[in-house]
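Commentary on secondary and tertiary structure
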Amino acid sequence: MAVPSIKFDTAETLISAYKMPTGAKWSDATRTNAIARLREMGAPNKRDEYWKYTDPSALTAIPAANAALFENDETPMFDSIDRLRVVFVDGVYDPAQSDDLSGENVVIETLGDALGKDIHWAKDLFGALEADGQNPVPRPLATLNTAVASEGLVIHATGKVNRPIAIRYVHSSESSDAMVHHVIKVEEGADITLLESGPGAARFNSVVEVDIADNGGFHHVRTQGRDHERKTVTHMFARLGRESTFKSFTMTVNGVLTRNDTVIELTGDDAHATVGGASAGDGTGFHHDDTVFITHDAVNCESRQVFKKVLRNGATGVFQGKILVKPDAQKTDGYQISQGLLLDEDSNFLAKPELEIYADDVACSHGSTVGAIDDDTLFYLTSRGIPRQEAQDMLVLAFLGEAIEEIEDEALAADILDRMDAWMKRRQG
Amino acid sequence: MLEIKNLQVDLEEEEKTILKGVDLKIGEGEVHAIMGPNGSGKSTTSYVLSGKDGYEVTGGSATLDGADLLDMEPEERAAAGLFLAFQYPVEIPGVGNMTFLRTAVNAQRKARGEEELSAGDFLKLVREKAKALKIDADMLKRPVNVGFSGGEKKRNEILQMAMLEPKMCVLDETDSGLDVDAMKLVAEGVNALRDGKRSFLVITHYQRLLDHIKPDVVHIMADGKIVKSGGPELALEVENNGYADILAEVA
Ligand SMILES: Nc1ncnc2c1ncn2[C@@H]1O[C@H](COP(=O)(O)OP(=O)(O)OP(=O)(O)O)[C@@H](O)[C@H]1O
Ligand SMILES: [Mg+2]
C-alpha cells in the first residue's frame, strides 16, 4: 500500500511550525538528526497500524486546538509527601514556584541551563534512547520532541535520593502547546523517584529518557488529570542495566485525548520492569491509549504490565502492549494484563496484546478482558444496605486497585486510591 | 413482622412462573422454617423478598411491619431491617471484608438517620462478634469471601447478620456445607440474636439444623406454593419419609 504523502506533508508542517532552539551547542547534532529522522518517518497518521485505535490528528494539528482552563480546588497531588517540587507552567519551568534544585545524591538542572553549557554528560543520552526506541515501530511525536524541546529537567542520580522529585505541570493558557523533555541518568546502585502531576497545557508532549545502570532503581508515579479538554502525548524510554529496577505507574482521569507510550529495553541480566496504569473516563470525548513495548535482551529478566480502565458514557480505552523476547533472553518472565470495565453499553475498550518470542526457555503470559459490573456482586452489596451507586463505586475501586497495587510505595498508592475515590464520588447522583 | 400474601412471580427473561401464590405470615419473635424439594421456589422467595433483579412480581404482596417491601430498592429493604443470608455467598475480589462490613453498617445507620459508628467502636464490635463465630483476624482482612471455604462463607454471612442486627432474618440453606461443629457455631450465632422480637425464616433441607434452631412453624414448599404448614414434627416427618407422602396428601 502506498504510504500516504499526508504523513510527510504533516511532518514538514510540524518542522516549520516549531523552532529548533538556536545555539543549542551539544544538542545541535542530535536535533538536526531528529529533524532528518522525522522527515523520513513522517508524522503519525490514523492509517498507521500503530495508530489504528487512536486518531493522532489532534496531536499533530497546527495550531493546537485551545483547551479551556480547569478550576481545580483540590489539594495538589502528592501534597502530603516530603518532596522536591518543580513547577512547569504551560511547559515552561517556573523557578518562583519551584524549590531550590538541589538534593542529596542528585544533581538537577533545567534543560535550558544544561543547553547553555558547552559540554554536558546528557549529550550521550538526550535523544539517544528516543532514537533507539524507534525500532521496529516509529514514534514520530517523540522525535519531534527531541528536535525542538528546550524545556525539561536533566537529572543525575549518583546514590539513594531520599526525596522524590515532584514535577507539577500547570495549565494556565488556553492556547498553550507545550513540549517537555527530561533526561535522567541513574548511576550504579543509585535510586530515585520521579512524580509527575497535572494536565500540563492545552496540548502537552513529553518525553522522558531514563538510563538505569546496574543495580539502579527508578520509580515513577504520574497523574494526568482533571482537565477536560487537554490533549496529551507522552513517551517514556527506559534502558535497564543488570539487576536494575524500573517501576512506572500512571493514573489518568478526564482529558479528551491521552496517548502514553512506554518503551523499555532490558539490557542487563536479572533486571525488573513494571508498567502499570489505572484510568477512568467519562463521556464520548474521553479517549485514552496506553501503548507499551518491552524488549527483553538479557537473561532472567522480569517484566509486568498491568493496565485497568473503567469507562462510562461512551468513553474509549485502548491498550497496545507488546513483549519482545530476543533469542538470548532466556529465563524471561513476562506478564501482561489489560482489563476494561464498561459501565454502560456505549463505552469501548480495545486491546491488542502481543508476544513475540525468539528464546525457548521463557515464561510469558498475557490476558485481556472486558466486562461489566457483575450483577450478583452488586446485589450482594446492596442487599447489605449499601446504596447501588456506592456499591458500584466500591467495585470500580476494587477493580482499579489491582493496578494501583503495583505502586511500591504505600503512601503514594494510598494517595492515588483517594484521588480515584474522589473522582468517582464527583460522578454520583 | 413479615407478611407474604398470594405472591406470584415470573422470570423476567423467559415465560416461566416460579412462585404460584405464596402465603406466609411470620409474627414478631417467631422462627419459621421452609423445607421443600429442590427447585420448589425457596431461594426465589428469598430473592424476591430482598429485591434481586430478574424476577417479575405478577401478583400478591410482601410487607415488613406493614411497609411494602416490593416497592423498595434492595438497600432500602436492608435498612428497613430485612437480611438474607445467601445460599451461595458472593466472592468480591479487591473489597476487604472489614471495609465491606463497615460500609454496610454505616450505610444502614445513615439510611435510618442514625449516627455512623466510629472506627474504634466498629472495630471493637466486629472483633467481639467474629470471635464468637470463630472467625479470625485474617478472614476479616481478606477480600469478601475470596478463598473462604464453604463453611467459612456461611459463618461470614452470620457475622454480617450479627453486625447489621436486622429484625427479619432470612437464612437460605445456611446449614449446607457445614460440618457438625460449624453448624453448632452458626446455630449459636443465630440463637444469640433471638431476643423475642427478631424473627427468622430458615430455609433448610435438614431437620438437624432445626434441632439447634427450634422453629415455631414448619412450612413445606412445593412447585411455587406453601402446601403444608405445621409444627416441628413436620420436619421430622420429612426427615423420615421424604416429601412423597406429604405431596400425595395435598395433591
Ligand atoms: N434466573 C433464573 N433463570 C432460570 N430459572 C430460574 C431462575 N431462578 C430460578 N429459576 C428456576 O426456578 C425454580 C426455583 O428455583 P429456586 O432456586 O427458588 O429453588 P429452591 O427451592 O431454592 O431449590 P434448592 O433446594 O435446590 O436450593 C427452579 O426450577 C429454578 O431452575
Ligand atoms: Mg435454594
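All figures in this text were calculated on a predicted structure; none of them were measured in a lab.

Cut-offs applied
- Residues numbered from 1 in each chain as written.
- Chains lettered and ligands numbered in written order.
- Predicted model: local features only at pLDDT ≥ 70, side-chain atom pairs only at ≥ 80, totals over all residues.
- Heavy atoms only, no water.
- Helix = DSSP H or I, 4+ residues; strand = E, 2+ residues; numbered from the N terminus.
- Rg over C-alpha atoms; globule rule 2.2 N^0.38 Å.
- Contact = heavy atoms within 4.5 Å.
- Lys, Arg positive; Asp, Glu negative; His and termini not counted.
- Charge placed at Lys NZ, Arg CZ, Asp CG, Glu CD.
- Axes fitted to C-alpha atoms, helices over the stretch in contact; angles between N-to-C directions.
- Left-handed = near helix turned anticlockwise from the far one by under 90°.
- Nonpolar A, V, L, I, M, F, W, Y, C, P; charged D, E, K, R; others polar.
- Buried area = accessible area lost by both parts, 1.4 Å probe.
- Salt bridge = Lys/Arg side-chain N within 4 Å of Asp/Glu carboxyl O.
- Polar contact = N/O pair within 3.5 Å; in protein donor to acceptor, adjacent residues only side chain to side chain.
- Pairing = 2+ DSSP bridges.
- Donors = N, O, S within 2.8 Å, 3.2 Å for Na, K, Ca; no water.
- Buried < 20%, exposed > 50% of the residue type's maximum accessible area, 1.4 Å probe, protein only.
- Near = heavy atom within 4 Å.
- Areas by Shrake-Rupley, 256 points an atom, 1.4 Å probe, with all protein chains shown as cover.
- UniProt positions renumbered as here; feature names shortened; annotations may be inferred.

Some points on the overall build of chain B
Within chain B one finds 10 helices and 12 strands. Computed over the C-alpha atoms, the radius of gyration of chain B is 18 Å, within 12% of the 18 Å expected from 2.2 N^0.38 for a compact globule of 251 residues. For chain B, the C-alpha atoms occupy an extent of roughly 55 × 40 × 35 Å along the three principal directions. At a minimum sequence separation of 6, the contacts of chain B that also span at least 24 residues come to 69%. Computing the positive centroid from 30 side-chain charges and the negative centroid from 43, chain B places the two 6 Å apart.

A word on unusual backbone geometry
Residues and elements named next belong to chain A. The amide bond that connects I62 to the next residue, P63, takes the cis arrangement and shows omega of -5°. Relative to the elements of secondary structure, P63 occurs in the loop between α3 (57–60) and β1 (84–89). Residue N135 is joined to P136 through a cis peptide bond whose omega torsion reads 0°. Along the chain, P136 turns up in the loop between α5 (128–132) and α6 (140–148).

Structural notes on the packing of helix α3 (residues 97–111) of chain B against helix α6 (residues 150–164) of chain B
Two quantities define a packed helix pair, namely the angle between the axes and the distance from one axis to the other. Residue and element names in this part refer to chain B. Where α3 meets α6, the closest approach of the two axes is 10 Å, and the angle between their N-to-C directions is 35°. In this structure, α3 crosses over α6, and the sense of that crossing is right-handed. Of the residues in α6, those in contact with N97, F100, L101, A104, V105 and Q108 of α3 are N156, L159, Q160, M163 and L164. Class assignment for the residues of the contact of α3 with α6 results in seven nonpolar, four polar and no charged.

Observations concerning the interface of chain A and chain B
At the junction of the two partners, chain A supplies 17 residues and chain B supplies 28 residues. Both faces considered, chain A and chain B share a buried interface measuring about 1800 Å² in area, 69% of it formed by carbon and sulfur atoms. Together, F379(A), Y380(A) and R384(A) form the three largest contributors to the area buried by chain A at its contact with chain B, with a combined 43%. We note a salt bridge from D376(A) to K52(B), for which the minimum N-O separation is 3.2 Å. Between chain A and chain B we count 10 residue pairs in polar contact (both at pLDDT 80 or more) in total. In the side of chain A that touches chain B, the residues fall into eight nonpolar, four polar and five charged.

Let's talk about the sheet that holds strand β7 (residues 177–186) of chain A
All names here are of chain A. Within the open sheet, the 10 strands sit side by side as β3-β4-β5-β7-β9-β11-β13-β15-β17-β19. Their pairing is mixed. Edge positions in the open sheet fall to β3 (102–103) and β19 (348–357), since each of these has one partner strand only. Of the pairings in the sheet, the one linking strand β17 (residues 316–325) to β19 comprises 10 bridges and is parallel in character. When the bridges of β19 are listed, T316 appears paired with N348. Contacts from α6 reach β7, β9 (203–212) and β11 (231–240), with the element oriented near 85° to β7.

Focus: the coordination of the magnesium ion (ligand 2)
Residues and elements named next belong to chain B. Each protein donor to the magnesium ion (ligand 2) is listed here as S43 (OG) and Q87 (OE1); together their distances run 2.0 to 2.3 Å. Here the residue S43 occupies a position in helix α1 (residues 42–50), and Q87 occupies one in the loop between β6 (82–85) and β7 (92–96), the gap between them amounting to 44 residues. Q87 shares its class with S43; the two are buried.

Observations regarding the site of ligand 1
All names here are of chain B. Ligand 1 sits among 16 residues. The nearest are G39, K42, S43, T44 and H205. One of the backbone nitrogen or oxygen atoms of G41 is found 3.0 Å away from an oxygen atom of ligand 1. Take E173: an N or O atom from its side chain is 3.3 Å from an oxygen atom of ligand 1. For ligand 1, whose free accessible area comes to 640 Å², the fraction covered by protein is 65%.

Thoughts on the UniProt feature "domain: SUF system FeS cluster assembly SufBD core" (unreviewed entry) in chain A
In the numbering used here, UniProt assigns the feature "domain: SUF system FeS cluster assembly SufBD core" (unreviewed entry) to residues 173–399 of chain A. Helix makes up 9% of residues 173–399 of chain A and strand 59%, with an end-to-end C-alpha separation of 35 Å.

Side note on the pairing of strand β4 (residues 106–110) of chain A
Residue and element names in this part refer to chain A. Most of β4 is tucked away: four of the five residues are buried. In this structure, the hairpin formed by β3 and β4 is closed by a connection of two residues, where N105 is found at a positive phi of approximately 65°. Bridge count between β4 and strand β5 (residues 153–157): five bridges; the pairing is antiparallel. In the sheet register, E109 faces β5, and the bridge partner there is V154.

Observations regarding the UniProt feature "domain: SUF system FeS cluster assembly SufBD N-terminal" (unreviewed entry) in chain A
Sequence positions flagged by UniProt for "domain: SUF system FeS cluster assembly SufBD N-terminal" (unreviewed entry) are, in local numbering, residues 28–165 of chain A. The distance from the first to the last C-alpha atom of residues 28–165 of chain A is 28 Å, and the span holds 27% helix and 15% strand.

Concerning the environment of I386(A)
Along the polypeptide, I386(A) turns up in the loop between α7 (375–382) and α8 (388–404). Residue I386(A) is classed as buried on the basis of its relative accessible area of 0%. Beyond its immediate chain neighbours, meaning those up to four positions away, I386(A) contacts L381(A), A391(A), M394(A), E75(B), F100(B), T103(B), A104(B) and A107(B).

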